[in-house]
Amino acid sequence: MVVSFAEIRTEIPGVFDEACPTRVVLDHVMSKWGVLVLMALTEGTIRWGELRRTVEGISEKMLASTLRTLEKDGFVARTSYPEVPPRVEYSLTPLGDELMERMMPLMAWIGVHAGDIVER
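Residues numbered from 1 in each chain as written. Predicted model: local features only at pLDDT ≥ 70, side-chain atom pairs only at ≥ 80, totals over all residues. Heavy atoms only, no water.

I keep staring at the side chain of glutamate 89 and nothing clicks. Help me out?
Locating glutamate 89 in the fold gives a position in strand β3 (residues 87-92). In this structure the side chain of glutamate 89 is engaged in a polar contact, spanning 3.1 Å, whose partner is the side chain of tyrosine 81. Those residues in contact with glutamate 89, other than ones at most four positions away along the chain, are Thr45, Ile46, Arg47, Ala77, Arg78, Thr79 and Tyr81. (Helix = DSSP H or I, 4+ residues; strand = E, 2+ residues; numbered from the N terminus. Polar contact = N/O pair within 3.5 Å; in protein donor to acceptor, adjacent residues only side chain to side chain. Contact = heavy atoms within 4.5 Å.)

Quick question: what am I supposed to make of the packing of aromatic side chains here?
The geometry of two aromatic rings is summed up by the distance between their centres and the angle between their planes. The final tally for this structure, using the stated rule, is one aromatic pair. When the ring of phenylalanine 5 is compared with that of phenylalanine 16, the centres are 5.4 Å apart and the planes differ by 45 degrees; the resulting orientation is tilted. In this pair, phenylalanine 5 sits in helix α1 (residues 5-11) while phenylalanine 16 sits in the loop between α1 and α2 (22-29), placing the two residues eleven residues apart along the sequence. One Lys or Arg, arginine 87, reaches over the ring of tyrosine 81 and ends 3.8 Å from the middle of that ring. (Phe/Tyr/Trp six-rings, centres within 6.5 Å; stacked < 30°, edge-to-face > 60°. Lys NZ or Arg CZ within 6 Å of the ring centre and 35° of its normal.)

Just checking my understanding: could you explain helix α6 (residues 94-119) for this structure?
Within an α-helix, residues lying three or four positions from one another point in the same direction, as the helix has 3.6 residues per turn. Counted at 1.5 Å a residue, the expected span for α6 with its 26 residues is 38 Å, and the 37 Å between its end C-alpha atoms agrees. Along its length, α6 reaches its greatest deviation from straightness, about 55 degrees, at histidine 113. Every buried residue of α6 is listed here: Gly96, Leu99, Met100, Met103 and Met107. (Expected span 1.5 Å × (residues − 1). Bend = angle between axes of the 7 residues up to and from the residue. Buried < 20%, exposed > 50% of the residue type's maximum accessible area, 1.4 Å probe, protein only.)

Structure below.
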């Protein structure tokens, strides 16, 4: 599914306008932590601690903030179980799955080329 610049401009009028909502979504999804959390969730349902260990370097505060934002946007589902101790699990929603189907090829490309790009 290759989409051209012209097709995007035609099908999504105002996509480059300052007030376009795409900027908010891009900010949430393409932030360093947003991308890494979403990628971790492509493996399936994950509990808080496992997610924090998977996304190395993220603080508890930033993980909580990122998950809240992605949940509010409809990409992540949070399931809380009334147990002692409390158990909370996170997973991608169908919208999150659809997003990651498109984002994973980009992330694979970045993974292959990142070393060369950073060395420049």
